[in-house]
Amino acid sequence: MNASPPPSSLRRRRRALGVLAVAALCGGILAAPGAVAADGDPAPEQIVNGDFSAGSAPWWSTANAPVAVVDGRLCADVPGGTANPWDAIVGQNDIPLVAGEAYTLTYTASSTVPLSIHTNVQMATDPYTADLSATDQIGAEAAVHTHVFTASADQDAAQVAFQVGGGAKAATFCVDDVSLRGGAEPPVYEPDTGSPVRVNQVGYLPKGPKTGTLVTDETDPLPWALKAADGTTVASGTTTPGGEDPTSRQNVHTFDFSDATATGDGFTIAADGQVSEPFSIRADLYDSLRSDSLAYFYQNRSGIAIDADLVGEEYARPAGHLGVAPNKGDTDVPCQAGVCDYRLDVRGGWYDAGDHGKYVVNGGIAVAELMDTYERTLTADGAEAAELGDGALRVPEHGNDVPDILDEARWELEFLMRMQVPAGQPLAGMAHHKVHDANWTGIPMRPELDPEQRELHPPTTAATLNLAATAAQCARLYAPFDAEFAAQCRTAAETAWAAAKAHPAVYASPADGVGGGTYEDNDVSDEFYWAAAELFTTTGKDTYRQALLDSPVHGDVDAAFPADGGMWWGGTAGLGVLTLATVPNDLTAAQLADVRNVVTTAADQYRAQTEVQLYGVPYAPEGLNYAWGSNSQVLNNMIVLATAADLTGDTGYRDAVLRGADYLFGRNPLNQSYVTGYGERYSQNQHHRFWAHESDPSLPHPPAGSLAGGPNLTAPTSGDPEAAAKLKGCAAAMCYLDDNGSYATNEVAVNWNAPLAYIASYLDDAGDATGPERACRVTYSSHPWNTGSTTTVTVKNTGSKAVTPWSLTWLLPGDQKLSHTWSADIGQYGRTVTATPLSWNRTLAPGASIDFGFNSSRTGPAADPGTVKLNGRACTAG
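None of these values were measured; they are calculated from a predicted model. (Residues numbered from 1 in each chain as written. Predicted model: local features only at pLDDT ≥ 70, side-chain atom pairs only at ≥ 80, totals over all residues. Heavy atoms only, no water.)

Visitor: Give me the overall build of the protein chain: which residues, what numbers.
Guide: For the protein chain, the count of helices and strands is 17 helices and 37 strands. Taking 29 Å as the expected radius of gyration for a compact globule of 878 residues, we find that the protein chain reaches 29 Å, a close match to that expectation. For the protein chain, the spread of C-alpha atoms along the three principal axes comes to 100 × 75 × 45 Å. The 878 residues of the protein chain split such that 60% are buried. Expressed as a percentage of contacts within the protein chain between residues at least 6 apart in sequence, the contacts between residues at least 24 apart total 74%. Carbon and sulfur atoms make up 51% of the accessible area of the protein chain, which amounts to about 29,500 Å² in all. Here the protein chain holds 52 positive side-chain charges and 103 negative ones, and the gap between their average locations is 8 Å. (Helix = DSSP H or I, 4+ residues; strand = E, 2+ residues; numbered from the N terminus. Rg over C-alpha atoms; globule rule 2.2 N^0.38 Å. Buried < 20%, exposed > 50% of the residue type's maximum accessible area, 1.4 Å probe, protein only. Contact = heavy atoms within 4.5 Å. Areas by Shrake-Rupley, 256 points an atom, 1.4 Å probe, with all protein chains shown as cover. Lys, Arg positive; Asp, Glu negative; His and termini not counted. Charge placed at Lys NZ, Arg CZ, Asp CG, Glu CD.)

Visitor: Pulling in residues and values, what's your account of the packing of helix H8 (residues 525-539) against helix H11 (residues 573-582)?
Guide: With their axes 7 Å apart at the nearest point, H8 and H11 run at an angle of 25° to one another. Comparing their axes, H11 and H8 come out roughly parallel. In terms of crossing hand, the pair formed by H8 and H11 is left-handed. Together, Asp526, Tyr529, Trp530, Ala533, Glu534, Phe536 and Thr537 of H8 and Ala573, Leu575, Gly576, Val577, Thr579 and Leu580 of H11 make up the contact between the two elements. When the residues that make up the contact of H8 with H11 are grouped by side-chain class, the tally is eight nonpolar, three polar and two charged. (Axes fitted to C-alpha atoms, helices over the stretch in contact; angles between N-to-C directions. Parallel < 35°, antiparallel > 145°, perpendicular 65-115°, else oblique. Left-handed = near helix turned anticlockwise from the far one by under 90°. Nonpolar A, V, L, I, M, F, W, Y, C, P; charged D, E, K, R; others polar.)

Visitor: Residue-level account of the packing of aromatic side chains, with values.
Guide: A full pass over the atoms with the stated rule returns 32 aromatic pairs. When the ring of Phe255 is compared with that of Phe257, the centres are 6.2 Å apart and the planes differ by 25°; the resulting orientation is stacked. Residues Phe255 and Phe257 agree in their burial class; the two are buried. With 5.2 Å between their ring centres and 85° between their planes, Tyr478 and Phe485 make a pair best called edge-to-face. Its relative accessible area of 1% is what places Tyr478 among the buried residues. Ring-pair connections join several aromatic residues into one group, and the members of that group are Tyr204, Trp224, Phe255, Phe257, Phe267 and Phe279. Above the face of the Phe485 ring, Arg410 is positioned so that its terminal group lies 3.8 Å from the ring centre. (Phe/Tyr/Trp six-rings, centres within 6.5 Å; stacked < 30°, edge-to-face > 60°. Lys NZ or Arg CZ within 6 Å of the ring centre and 35° of its normal.)

Visitor: Tell me about the pattern of salt bridges, and name the residues and values.
Guide: Summed over the entire model, instances satisfying the criterion amount to 32 salt bridges. In this structure, Asp330 and Lys358 form a salt bridge, with 2.8 Å as the shortest nitrogen-oxygen distance. One end of the pair, Asp330, is in the loop between helix H3 (308-311) and strand E21 (333-334); the other, Lys358, is in strand E23 (residues 358-359), and 28 residues separate them in sequence. Residue Lys358 is classed as buried on the basis of its relative accessible area, which comes to 0%. (Salt bridge = Lys/Arg side-chain N within 4 Å of Asp/Glu carboxyl O.)

Visitor: Which residues make up the nonpolar core, and what values do they have?
Guide: Core analysis: the largest hydrophobic core is formed by 159 residues, its most contacted members being Tyr478, Trp497, Phe561, Phe665 and Ile759. What Phe665 contacts, discounting residues up to four positions off in sequence, is Val199, Asn200, Gln201, Val202, Tyr286, Leu289, Gln672, Ser673, Val675 and Tyr678. With 32 residues, the next largest nonpolar core counts Ala65, Val90, Phe162 and Ala171 among its residues. (Core = buried A, V, L, I, M, F, W, Y, C linked by side-chain atoms within 4.5 Å.)

Visitor: Summarise unusual backbone geometry; cite the residues concerned and give the values.
Guide: In this model, Asp126 is joined to Pro127 through a cis peptide bond whose omega is 15°. Position of Pro127 relative to the elements: it lies in the loop between strand E6 (115-123) and strand E7 (130-138). Look at the link from Thr804 to Pro805: it is a cis peptide, with omega at -10°. Position of Pro805 among the secondary structure elements: in the loop between strand E29 (788-797) and strand E30 (808-811). The phi torsion at Asn49 lies on the positive side, around 60°, for a residue other than glycine. With respect to the element layout, Asn49 can be found in the loop between helix H1 (6-16) and strand E1 (60-61). Phi angles above zero are rare outside glycine, and Asn786 is one such case at about 45°. Relative to the elements of secondary structure, Asn786 occurs in the loop between strand E28 (776-785) and E29. On the basis of relative accessible area, Asn786 is assigned to the exposed category, the value being 70%.

Visitor: How would you explain the confidence of the model for the protein chain if you had to name every residue and give the values?
Guide: On average, residues of the protein chain score 91 in pLDDT, and 94% of them reach the 70 mark or higher. Low confidence marks residues 1-34, where pLDDT is under 50. Its contacts with residues over four positions away, or in another chain, come to 135 contacts. Across residues 768-772, confidence stays below pLDDT 50; counting only partners more than four residues off in sequence or on other chains, it has twelve contacts. (pLDDT = per-residue confidence, 0-100.)

Visitor: Run through helix H5 (residues 404-418), naming residues and quoting values.
Guide: Given a rise of 1.5 Å per residue, 15 residues ought to cover 21 Å, and the 22 Å separating the end C-alpha atoms of H5 matches this to within 8%. Taking burial as the measure, the 15 residues of H5 include twelve buried ones, the bulk of the element. Buried within H5 are the following residues: Asp404, Ile405, Leu406, Asp407, Glu408, Ala409, Trp411, Glu412, Leu413, Phe415, Leu416 and Met417. The secondary structure elements touched by the buried residues of H5 are helix H2 (287-299), E23, helix H4 (360-379), strand E25 (434-437), helix H6 (461-477) and helix H7 (483-502). (Expected span 1.5 Å × (residues − 1).)

Visitor: Account for the sheet that holds strand E4 (residues 89-97), with residues named and values stated.
Guide: Within the open sheet, the five strands sit side by side as E1-E4-E9-E6-E7. Their pairing is antiparallel. Since the sheet does not close on itself, it has two edges, and those belong to E1 and E7, each with one partner. Relative to E4, E1 runs antiparallel, the two being bridged by two bridges. Of the residues in E4, the one forming a bridge with Trp60 is Gly91. (Pairing = 2+ DSSP bridges.)

Visitor: Describe the state of the cysteines, with residues and values.
Guide: Across all of its chains, the model carries five disulfides by this definition. Disulfide pairing is shown between Cys474 and Cys489; the S-S distance is 2.0 Å. For the disulfide bridge between Cys474 and Cys489, the dihedral angle about the S-S bond is near 60°, and by the sign convention the bridge is right-handed. Of this pair, Cys474 sits in helix H6 while Cys489 sits in helix H7; the two residues are 15 residues apart in sequence, bridging distant segments of the chain. Pair check on accessibility: Cys474 and Cys489 agree, each one buried. (Disulfide = S-S within 2.5 Å.)

Visitor: An account of the layout of surface pockets is needed here, citing residue identities and associated values.
Guide: The calculated volume of the largest pocket comes to roughly 840 Å³. Those elements that provide at least two residues to the lining of the largest pocket are H4, H11, helix H12 (589-612), helix H13 (630-648), E28 and strand E37 (876-877). Of the residues forming the lining of the largest pocket, the biggest block, five residues, is contributed by H11. Classifying every residue of the lining of the largest pocket gives 22 nonpolar, eleven polar and eight charged. (1 Å grid on protein atoms, 1.4 Å probe; cavity = no way out; pocket = protein on both sides within 12 Å on 5 of 7 lines; lining within 4 Å. Points joined across faces, edges and corners; volume = space filled by probe spheres on them.)

Visitor: Talk me through the packing of H6 against H8; I want residue IDs and the actual numbers.
Guide: Running from N to C, H6 and H8 point in directions that differ by 20°, and their axes come no closer than 8 Å. In terms of orientation, H6 lies roughly parallel with respect to H8. Note on packing geometry: the crossing formed by H6 with H8 is left-handed. Contact residues: Thr461, Ala462, Leu465, Asn466, Ala468, Ala469, Thr470, Ala472, Gln473, Ala475 and Arg476 in H6; Glu527, Phe528, Trp530, Ala531, Glu534, Leu535, Thr537 and Thr538 in H8. For the contact of H6 with H8, the class distribution of residues is ten nonpolar, six polar and three charged.

Okay, here's the thing in structure tokens:
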């Protein structure tokens, strides 16, 4: 499957074509010399009456911002209280542009009240495609602003527009000496990469691998030294020359200080006369990242006010899209014309990315990976649930006896089920593909201020199978906490599966990209496999088993986990494989072994990539075609590695996960941590309509724990004006800008932060990278009879201390139900079984064993329960 998804690229490209879409230039201003033609004469002037010596014509303004020439300047009375920059504009039309020609725009401006304006050179009609879209800060003192850009197409009648609205207070904006000349030499963009000594700027686990990369022209080994915060040398060695790194075109060396045993903060690596950014060596490096990465989802909830007590004043906001003016709301949404004649309440869910659209196929993989993060705590040795539990995370549902991570996932799951076509309607049971604005909105745009009509888009097979898969997973995970909701999920899942089987080839249109992304996907074999895997694991029904075994995806490593890419929203088979490999189900032992072999084979490929690539990244796309959202693919590959580590106990897989974390947090060609708030040099201007400080200083930067999409080789040709201006010819891993306007490299998205949350939880569990001591052994013996089975469980305390009281937990495969029990108090909640002592066997002494048992119904052969935990710690199978 293609690891560089063209549907996502098309989707992001169309964001650039939105009505008056805004993209900020990095740093606000690019200075350049005056425009000069090839013969040395000044290039032709395209602005008419830029000094206003002939009055105001042909300049124009919106009706709410009347203009007049005052003291030789054009001054506009800008109203206060408008919502958007484009609500008040001063501009000039009929500007000719020549494709491929470089231009310099300069002007002098001041304002009686500080303004953050958008300066655009763009089409004068819909879709208002911009060749220049910059944010300028205008103050009381007149200042010169200069921008250089290259025209993307021939135009006879382009437009220069100063978008001056969006301010809280009325102001007088004055402009003078406006000039637009062709023939300018675009400045060469040189990224600031800081120190050539590249390390994980967050740090390293004490007993994990510790590696870095040095950029240097030297070809012979060089000495390096690990320095403590006080400057003393605590370890040293020599680098290994690696030659040219193809992802960056940099000549690099690598170095390894894994043997260093010191712990603390403020370490640096000195090499080749240069010093790295500081970092820590500690076991608790990722404790806060687990919480911060999950808080991202609450802050992007639709239909609920975001509470300052949970997120801080600067991130608090009113509820969006509940029908409070100017919102049209998501509580009574019509379909696009000709799609349906009903309306749906589709409130809730998460905003997809930098815009306010909500997409079932993107929300599907995101909510699945949040549920996977929780489900891992039920199945994996060393995975701890406490930090995901009730009261642990920043969600408003504290105190309901439900793990907070499931409270967060439920917000999206309820939205996904609201997108299901009602009974009695054509295509009943299928899911609408998406809901979003009828027209694009620009940056900035707080969700409660969005004035556009919301529309439901046609149902699709891909969306329906996303609903089937996630609702099936919901059914088994929520059963211990809310049986009614779990039953609702199961009904929605089985209804969606039946609808998808009846309509297996209903695809999203690639032309449906106005106001939102298209997310078209014409191969849904992977979604059918994922949905079947989740339904089979939850229900044990043979219908779903056969769908799995008959799928062309089953057993195909490259279909599930492409070696040159990874899982993504359009390639979800791997999600099903991971569930089958880790969650107890009714596959035979041989079938389970085959599924787990798919996981470890893929993990071997990704581990090898971390070992041979000079920046240690588990990602090697064919042709170095770093995809849109490449960081999410790195993280999804890390999930495969983490799962292989959980299944096998092989620390080599864990080490590969840690090398992937090194890449994300600074050991990369740009010396850039891609997660806000983590590291010394981190992304902080991601593309988002509310977290848009670079475009509007009154708005916040993204909060800690927000992942930037990352390098994108297609960015310069994607329609992203910032990437087009600065990244032409960039090396694959260098195709990135920390710029609010660069949606192709720097957007945030729910399906990018979800794998970050999973890996943050894994890394925090890893702690000192040794895993918890196993102090118990469990023998689980089932004997089938007719339609039931009798199971005996023996638990032995292999530790040195008595366990009192004890509690044993595990998952029942398929749809098994307990009946008669003995020698323990045994309860079942959904698929989760908990055994606790009776009065006479309350204490489990060192070396002692306790036996208990139960009868259960079964729908297939008796199966291994997977991980069994004693008081939260995994036991060895015996």
